[in-house]
Amino acid sequence: MEELEAEQRHLDETAAAYDRAFAALTEYRDRAVSDDEYANEALEAMRRERIRVYTEASGPLYFGRIDRTDDSTLYIGRHAVHSPSNDLLSINWRAPAAEPFYTATEQDPHGVRRRRRLDIEERTVLGFVDEPLDTSFEDHLTDAIVEDISRQRVGEMRQIISTITPDQYELIARQTDGALVIQGGPGTGKTAVGLHRAAWLLYTNPQLGREGVLVVGPNETFIRYIEQVLPALGEGGVEQRAIGALVTKPHGETDEARELATLKGSARIATVLERLLWDRLHFEDISVPVSRRVTATVTADEQRELVAAVRERAFSYATARERFRERLAGTFASRVLTSDSLASPDDAIKTIRKAKEYTRAVTKAWPKETPEGLVKKLFTNRERLERVAADLLTPDEITRLIKAKAATDKHAMTPTDVALLDEAHWLIDPGFRRFGHVVVDEAQNLTPMELRMVVRRARSQSLTILGDLAQRTADAGVSSWERVLNEAGVSTYDVSELEISYRVPNEFLTIAGTLLPPGAPAPRGVREAPFPARAIHTETLGEATAREASRLAETVKGSVGIVAPLEHMSTVRAALDTYADATHAALGAGINLLDLHVAKGLEFDAIVVVEPEAILRERPDGGVGGLYTALTRATRAMSVVHSEPLPEPLAEAF
């Protein structure tokens, strides 16, 4: 009791100091701090930034402390707070001094003799847990982590700064050039690691706040699920978008045949598009009359030399085209000007560029192109495709493209069409924003072309790439990180794996793992399920699913996800009463209906998986990867409802 009272006194002191600091920041100042206008502006910007950080972060001021071997104590929280006498009352969790709170073990205590996790609600200390450093943390689940896992889910992801484990912290705080790839199975916390890494990078690199951070997810439901994590950490300025929203042109997302999606998502198509674009250039000698007696000529070979020169200095088609026109006009002007000429070089260039013969010839040599027009060329004119891409595409693949036709209706665009259009924009006239760092989640299902969309938005290819190869559903998705990164043009990267699933019970991982081929990456669970997994055979699929979801909601007192294949979606939907339809809207705290596409990356207290055999048949989001994903969405309870026989591995597991 005395220690609890002492903790409350420290919290009261910290809260009072925090209130004083915040009041000082928000106090109206009617006079300048100095006579230097620019200094005053800089100080005002710093003041506004501190107010933003103080107001956007949510939760207790701190959540833990470390007692060090030198008898000093350090509290770890969301802000650095000082007393009026400048004593440090708490520090930011991202500060270097906070690292031992996350990484200290008996083998490497980092000068820490005790770690304490505090249970604080509002400004009241409810309790604490002292952790001995005599157990390998890799296998040790503290009471604080178990409590966090068991807490009811309310339809959105929470921050985990109080329960970050050493293996997670090492990746959050890792300094690396280029891309960091985090391979992690269900329950390893890879999504949380990626988001907290973004917050950590923003704290340690102020320049990144000006360059911006982008978070990319697989769909809008996922973005709604994670969108409050970074604001809760005080980083509300981060952009968060679904992969399809990277292209600003309005579009739909319809499905297409697997073979066509695989082909259009291949990195080879990027090369084909580039060749189709530059194949538009056509050169022949150009003669322009500049007077009644004088005609200037630039040969086709000279034009090719100009093209080579401008392409060395200009990446995009549009920029290079404009520079070519300028230099070509300059070449013509140099051929008509003499030392006796009265006209200036600029006047001569203007005269040349106004000549109809010049305008027609230069447009024919280097025509304009639009992104939509370039994409359309991928699906038309077999002879042209064979000429530019015979070494990249087989005759059957060329036939498949010609038969497919381009998506001219914006609502008929598929995810692969979105990536094609983005590639075309990049080649012709890239006008989109680039960010200081990009985090992309569920990357295992991105085609090489989709990953290229993400990579080109990251300055210096500064990326955090999150995914799990075992959950891959798209046939054109990632088969190995090394291969897809090379195809996407990522030159420098590290690949690391989170091997321990803290959140998904080991029994659920074992059942789902029976589906995986030998050698597939799979995490090791360290928790027992509080409720046994169930398989329910029924002839009334919808009604049985609704009953089981209601039973689980009452049992776990939390959120329930229902993952249904498309062929049974209407049956299940009709049988449900009160639920959140997460296929179209945000998640809820009770029962949620999901398809295989939106289930990716989400987590529930309990899960109901409907008709595994139908999930195995479904494309593009089903198959083994889709079923494995569905079976690993729960932290506490799992049920399978089926009318068809279970797939053999699952039948044996149950």
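Quick caveat: nothing in here was measured; it's all calculated off a predicted structure. (Residues numbered from 1 in each chain as written. Predicted model: local features only at pLDDT ≥ 70, side-chain atom pairs only at ≥ 80, totals over all residues. Heavy atoms only, no water.)

**A closer look at the sheet that holds strand β4 (residues 88-92)**
Taken in spatial order, the six strands line up as β3-β4-β2-β1-β5-β6 in an open sheet, and their pairing is mixed. Among the strands making up the open sheet, the edge pair consists of β3 (81-82) and β6 (124-131). Two elements, strand β1 (residues 62-68) and strand β5 (residues 112-121), share five bridges in a ladder whose sense is antiparallel. Along β5, the bridge assignment pairs D67 with R114. (Pairing = 2+ DSSP bridges. Helix = DSSP H or I, 4+ residues; strand = E, 2+ residues; numbered from the N terminus.)

**Observations concerning the UniProt feature "binding site: ATP" (unreviewed entry) in the protein**
Mapped onto the present numbering, the UniProt feature "binding site: ATP" (unreviewed entry) falls at G184, G185, P186, G187, T188, G189, K190 and T191. Summarising the element assignment, P186 is placed in the loop between β7 (179-184) and α6 (190-204). Residue contacts for P186: discarding those within four places in its chain leaves D468, Q471, S501, V504, L509, P523, Y628, T632 and R633. Here T188 is in contact with Q168, L498, I500, S501 and P523, once residues within four sequence places are set aside. A polar contact of 2.8 Å, which involves the side chain of T188, links it to the backbone oxygen of G185. (UniProt positions renumbered as here; feature names shortened; annotations may be inferred. Contact = heavy atoms within 4.5 Å. Polar contact = N/O pair within 3.5 Å; in protein donor to acceptor, adjacent residues only side chain to side chain.)

**Some points on the sheet that holds strand β22 (residues 634-642)**
Strands sit in the order β17-β22-β21-β18-β20-β19 across an open sheet of six strands; the sheet is parallel. In the strand order of this sheet, the two ends are held by β17 (534-537) and β19 (580-581), each with one partner. Most of the contacts of helix α26 (residues 623-631) go to strand β21 (residues 604-610), to which it runs at about 140°, and overall it touches β18 (560-563), β21 and β22. (Axes fitted to C-alpha atoms, helices over the stretch in contact; angles between N-to-C directions.)

**Regarding helix α20 (residues 448-455)**
Of all the eight residues making up α20, eight are buried; the element is thus mostly covered by neighbouring parts of the structure. Among all positions in α20, only P448, M449, E450, L451, R452, M453, V454 and V455 are buried. (Buried < 20%, exposed > 50% of the residue type's maximum accessible area, 1.4 Å probe, protein only.)

**Digging into unusual backbone geometry**
Of note, the amide linkage connecting R619 to P620 takes the cis form, showing an omega dihedral of 10°. In this fold, P620 is placed in the loop between α25 (612-617) and α26. One non-glycine residue, K405, lies in positive phi territory at about 70°. Checked against the element boundaries, K405 lands in the loop between α18 (395-404) and α19 (415-428). Of the residues examined, K405 reaches a relative accessible area of 60% and is grouped as exposed. Although it is not a glycine, S460 sits at a positive phi angle of roughly 55°.

**Things to note about the packing of aromatic side chains**
Using the criterion set out here, one finds 13 aromatic pairs in the structure. Where Y62 meets Y75, the ring centres are 4.8 Å apart and the plane angle is 55°; that geometry is what we call tilted. Here the residue Y62 occupies a position in strand β1, and Y75 occupies one in strand β2 (residues 73-77), the gap between them amounting to 13 residues. When its relative accessible area of 1% is taken as the criterion, Y62 is described as buried. Overall, the relative accessible area of 7% leaves Y75 in the buried class. In textbook terms, an aromatic cluster arises when at least three aromatic residues are bridged by ring pairs, as seen for W278, F283, Y317, F324 and W366. (Phe/Tyr/Trp six-rings, centres within 6.5 Å; stacked < 30°, edge-to-face > 60°.)

**Comments concerning the side chain of R503**
Note that R503 resides in the loop between β15 (500-501) and α22 (506-513). Of the polar contacts made by the side chain of R503, one reaches the side chain of E603; its length is 3.2 Å.

**Considerations on the pairing of β21**
Counting buried residues along β21, seven of its seven residues qualify, which places the element largely inside the surrounding structure. Relative to β21, β18 runs parallel, the two sharing four bridges. Note on β21: the bridge partner recorded for I562 is V608. Sheet topology note: the β21/β22 ladder contains six bridges and is parallel. Along β22, the bridge assignment pairs A606 with A637.

**Some thoughts on the packing of α19 against α20**
For the pair α19 and α20, the least separation of the axes is 9 Å and the interaxial angle reads 50°. Put simply, α19 runs oblique to α20. Crossing hand, α19 versus α20: left-handed. Across from P415, V418, A419, L420, D422 and E423 in α19, the residues of α20 making contact are M449, E450, R452 and M453. (Parallel < 35°, antiparallel > 145°, perpendicular 65-115°, else oblique. Left-handed = near helix turned anticlockwise from the far one by under 90°.)

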